[in-house]
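# What the coordinates show
Single-letter residue listing:
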Amino acid sequence: MKYLFTSMPVVSHFLPMVPLAQQLLLDGHDVLVATSGPAADAARRAGLTTVDAGGRLDARAPYDRLLELIDSGAAGHAPASEEALRLHGEYFGEVGLRMLDDVVDVGRAWGANAVVYPGIHACGLIAARQIGAVGVLHGYGTPLPTFDPALAHMLASRDDLPDRVQEAEVEIDVLPPSLTNFAELPWTNGRPAHRLAMRYGSFNGAADVPRWLLGPRDVPRIVLTCGSAHAQARRGETYRRIVEALEGVRCEAVILSGGAVLDRLPDPLPDWVRLERWLPLKFTLDHSDAIVHHAGSGTVLTSFAAGLPQVAIPMPGTVSVSNAQSVAACGAGTMLDLDALDTDELNKAVITALTSAEQREAAVAIRREIEDAPSVRAVATRLEAIVAAYAGGKR
């Protein structure tokens, strides 16, 4: 079988799909990744074959513009508000429009049997329908339908596309069952016929790890990350506020910058703060005691997979807000407001993450749920049978 994976040119959108892509390769299937930019780089580093989709039209640009608008407050605070959904739909849809023709052309020429995509990338579903392939909606956090505002924007923008498309045939759900989904959206285009629960793979890319990470630590280690988006780190201002709040706390802090520009960091950094561009997050958390983060879907689930308490500081108007609500609701951490960070509240939240037996027990309970979920291998086997059945029915 031939599986065409596609995502927006955004690393965090692509990485959750890597374990399934790698497993399908190990099982003898053909896998091709259609994307561009940072996501394509991540795919190649994961040992996957890529083909450009959207690079010639700078498909990443609308996404970066959206982050700037969100940072300015244009999307409000609630991720499911009418304005936030409209704004995300327009800009995610624009990314999809710049990629669609390439994904469709590649899928047809290659003879893809299935198109695997994250739900926010509506281009994946439209491409599957255009080439007659099975649509596989791959979750990367809270289970959501193919993002209808982006889908509607794309379908309305081109006369050669239908007025509506049916939802994907398959949904892969990686959310631990006891976590509350605060971002639930209606399934306006039907529901997948097949829902496959799967263990979250926590693939965070590969890198050399420093020796200091492996040895015993004299003080608790706290990981700080705002992901790879410049807007979330606010050029280092967010990290600066966190470092100031940790003054006097007996700890080591490790900033994972993701390559973001951080010219507002304290200079010089305190000697108890380390700055790293990129380390594999799960590996790093397995040698740490707590994490302060931006509440991105992959970061939240990887933190749960490591069984660590979390302090979540989401960007208003994004799905990160609902991710942070899930962390707080299950008792595994604290949610704080990025636009109103208070030193005392930050200090209290971090100390609680380091010392609270209740938060650690709640985090470990979610880790066990992840471990108990069906393996990627088991899901790949089930997916193969489903895709083969659809392909056989078309002969």
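Report follows, based on the coordinates. (Residues numbered from 1 in each chain as written. Predicted model: local features only at pLDDT ≥ 70, side-chain atom pairs only at ≥ 80, totals over all residues. Heavy atoms only, no water.)

Time to look at the sheet that holds strand 4 (residues 114–118). As summarised here, the arrangement of the seven strands in space is 3-2-1-4-5-6-7, forming an open sheet in which the pairing is parallel. Strand pairing shows two members of the sheet lacking a second neighbour, strand 3 (50–52) and strand 7 (194–197), which therefore form its edges. Neighbour-to-neighbour, the strand axes of this sheet turn through a mean angle of 25°, independent of strand direction. The sheet contact formed by strand 1 (residues 2–6) and strand 4 spans three bridges and is parallel. Note that in strand 4 the partner of Tyr 3 across the bridge is Ala 114. Its contacts with the sheet place helix 5 (residues 82–110) against strand 1, strand 2 (30–35) and strand 3, and it is angled at close to 170° to strand 1. The strands that helix 6 (residues 122–131) touches are strand 1, strand 4 and strand 5 (134–138); relative to strand 4, the one it contacts most, it runs at about 170°. (Pairing = 2+ DSSP bridges. Helix = DSSP H or I, 4+ residues; strand = E, 2+ residues; numbered from the N terminus. Axes fitted to C-alpha atoms, helices over the stretch in contact; angles between N-to-C directions. Contact = heavy atoms within 4.5 Å.)

To continue, consider the nonpolar core. Leu 224 and Leu 246 are the most contacted members of the largest nonpolar core, which totals 80 residues. Ranked by residue count, the leading element in this core is helix 5, at ten residues. The residues touching Leu 246, leaving out its near neighbours within four places in the chain, are Ile 222, Leu 224, Ala 253, Trp 272 and Val 350. (Core = buried A, V, L, I, M, F, W, Y, C linked by side-chain atoms within 4.5 Å. Buried < 20%, exposed > 50% of the residue type's maximum accessible area, 1.4 Å probe, protein only.)

Right, let's get into the packing of aromatic side chains. What describes a pair of aromatic rings is the distance from one ring centre to the other and the angle between the planes of the rings. Counting across every chain of the model gives two aromatic pairs. Measuring from ring centre to ring centre gives 6.3 Å for Tyr 63 and Phe 92, while their planes differ by 15°; the resulting arrangement is stacked. In this pair, Tyr 63 is assigned in helix 4 (residues 61–71) and Phe 92 in helix 5, connecting sequence segments 29 residues apart. When the ring of Phe 92 is compared with that of Phe 147, the centres are 6.1 Å apart and the planes differ by 65°; the resulting orientation is edge-to-face. Taken together, the residues span a long stretch of sequence, with Phe 92 in helix 5 and Phe 147 in the loop between strand 5 and helix 7 (148–157) at a distance of 55 residues. (Phe/Tyr/Trp six-rings, centres within 6.5 Å; stacked < 30°, edge-to-face > 60°.)

Now for the sheet that holds strand 8 (residues 221–225). In any sheet, the strands associate via hydrogen bonds between backbone groups, in a parallel or an antiparallel arrangement. Reading across from one edge, 10-9-8-11-12-13 is the order of the six strands in this open sheet, with parallel pairing throughout. Each end of this open sheet is capped by a strand with a single partner; those strands are strand 10 (273–276) and strand 13 (333–335). Across this sheet, the average inter-strand angle for adjacent strands is 15°, counted without regard to direction. Here helix 9 (residues 237–246) sits on the sheet and contacts strand 8, strand 9 (252–256), strand 10 and strand 11 (290–293); the angle it forms with strand 8, its principal contact strand, is near 160°.

A separate point is the pattern of salt bridges. All chains considered together, the criterion is met by 20 salt bridges. Of the charged contacts in the structure, one is a salt bridge between Arg 158 and Asp 160, with a shortest N-O distance of 2.7 Å. A salt bridge links Glu 244 to Arg 240; the nearest nitrogen and oxygen atoms lie 2.3 Å apart. One end of the pair, Glu 244, and the other, Arg 240, are both in helix 9, four residues apart, so they sit about a helical turn from each other. Given the relative accessible area of 23%, Arg 240 is considered partly exposed. Three or more residues are tied together by salt bridges with common partners; here these are Asp 71, Arg 234 and Asp 339. (Salt bridge = Lys/Arg side-chain N within 4 Å of Asp/Glu carboxyl O.)

Turning our attention to the environment of Ala 39. Take Ala 39: it is sitting in helix 3 (residues 37–45). Under the relative-accessibility criterion, Ala 39 is labelled buried at 0%. Counting along the chain gives 26 residues from Ala 39 to His 13, while the straight-line C-alpha distance between them is 7.8 Å. For Ala 39, the residues in contact, after removing those within four places along its chain, are Ser 7, Met 8, Pro 9, Val 10, Val 11 and Phe 14.

We now examine the pairing of strand 6 (residues 170–173). Where a strand is regular, its side chains alternate between the two sheet faces. Along strand 6, one buried face is formed by Val 170 and Ile 172 and the opposite face, lined by Glu 171 and Asp 173, is buried too. With three bridges joining them, strand 5 and strand 6 adopt parallel strand pairing. Bridge pairing in strand 6 places His 138 opposite Ile 172. Crossover connection from strand 5 via helix 7 to parallel strand 6: handedness right-handed. (Right-handed = clockwise from strand over helix to strand, strands pointing away.)

Coordinates in, geometry out; function isn't part of it.
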